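# Descriptive structure summary
Spelled out from the first residue to the last, the chains are:
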Amino acid sequence: MRSRTSDKTEGARSDEVIAMHPAESGMQLGRALLHALHNAGISVLYQDREMKTVWARNMRAPWASDEVEGNGILPMAHTDRIAAAKREVVATGDAQRLEISVPVENGVRWFQIWVDADRGDDGNVQGVVTTMVETTEQKRREQTLTTLLREVSHRSKNLLAIIQSIATQTGRYSDGVGDFLTRFRGRLQSLASSQDLVTSSNWRGAALHELVASQVGRYGANPSHSLRFRGANPYLNPNAALHIGLAMHELAVNSVSYGALSRPDGFVEVTADLNAAATGDVALSLTWAETIGTDDDGSGQKRFGSVALERVVPASLNGTANLDIGDGHLEYRLVVPHSNFETQ
């Protein structure tokens, strides 16, 4: 709490400022306002009723006097709008507000313009005050935010479509509600893990090695031993990251149940090669290889895991896939075109 003495002192200081010589205080106020206009990038123009310039402060391009009259870089359409707004203010006394864009060499500059009436002692309009403030950076931030929101909406719809497809296919190949919930939760967690990588990269995507390691690491007791990754490490776009992450999840779950990851000393090998495709572009060839046991369920029926690996994932990436399960081994090979990844 401030003391009464402090309040009196502050009051005295305030009185001292008010008691200053009018000419001196006016000059100080004028200098302060000029500094404020300059630092804030605000241009102010005062004109009489006949639009003759009385004074101007901080007039930068494109607001130099000859340019305001239409002889500079300000488009004629804008000078006409501004002139019409000033005539309206003189006639009615009502303030006008405009937003204009000025094309420049490296893009567009945006400005907010306020036109206010200056009234005399009799209340009549004796002039107009035009204030110009550049809002280019604010406009760019707004445009960037709009673009980001559209991108988030687009990717959210894609993610929901993937979840819907997973739910439908999981239900089709599940033996009951309990089986469905177990498998569906695992696949959602796989998507969430891949999505975390995509989000942390500002929606750019995910590195292949990091993606594979995150999926296998969820099931391997010792990820550094359970996964042996060799080859290239391209950067996958968001769609490729989600679908390849799903493929790695299905392979890891199967490996934990029947394959190498079901054994304490087991491991899987993942190889990534970049090869020239028939189109002349570079294609990614991703191979998962492991040894498996012989005590499979023996049903021989297709389940969602194999459907996702052979149909869903390659179709979503415009690629091809082959799942080979033989005596004591499993090999999955996925080939996707260059549109799904970057090599730099």
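Before going into details, it helps to say that this report is about the structure given with it. (Residues numbered from 1 in each chain as written. Predicted model: local features only at pLDDT ≥ 70, side-chain atom pairs only at ≥ 80, totals over all residues. Heavy atoms only, no water.)

An ideal rise of 1.5 Å per residue puts 24 Å on 17 residues; helix H4 (residues 76-92) measures up with 24 Å between its terminal C-alpha atoms. Inspection of H4 places His-78, Thr-79, Ile-82, Ala-85, Lys-86, Val-89 and Val-90 among the buried residues, and these make up the whole buried set. Projected onto a plane normal to the axis of H4, the buried residues spread over an arc of 140° and lie on a single side. Structural note: H4 exposes Arg-87 and Ala-91 on the side pointing more than 90 degrees away from its buried face. One or two residues past the end of H4 sits Gly-93, with phi positive at roughly 80°. (Helix = DSSP H or I, 4+ residues; strand = E, 2+ residues; numbered from the N terminus. Expected span 1.5 Å × (residues − 1). Buried < 20%, exposed > 50% of the residue type's maximum accessible area, 1.4 Å probe, protein only. Arc of directions from axis to C-beta.)

Quick look at the sheet that holds strand E5 (residues 125-134) now. The sheet built from five strands is open, its strands ordered E2-E1-E5-E4-E3 with antiparallel pairing. The outermost strands of the open sheet, each flanked by one partner alone, are strand E2 (53-57) and strand E3 (96-104). Strand-to-strand twist in this sheet, taken as the mean axis angle between neighbours without regard to direction, amounts to 20°. Sheet topology note: the strand E4 (residues 107-119)/E5 ladder contains nine bridges and is antiparallel. Bridge pairing links Phe-111 to Glu-134 in E5. (Pairing = 2+ DSSP bridges. Axes fitted to C-alpha atoms, helices over the stretch in contact; angles between N-to-C directions.)

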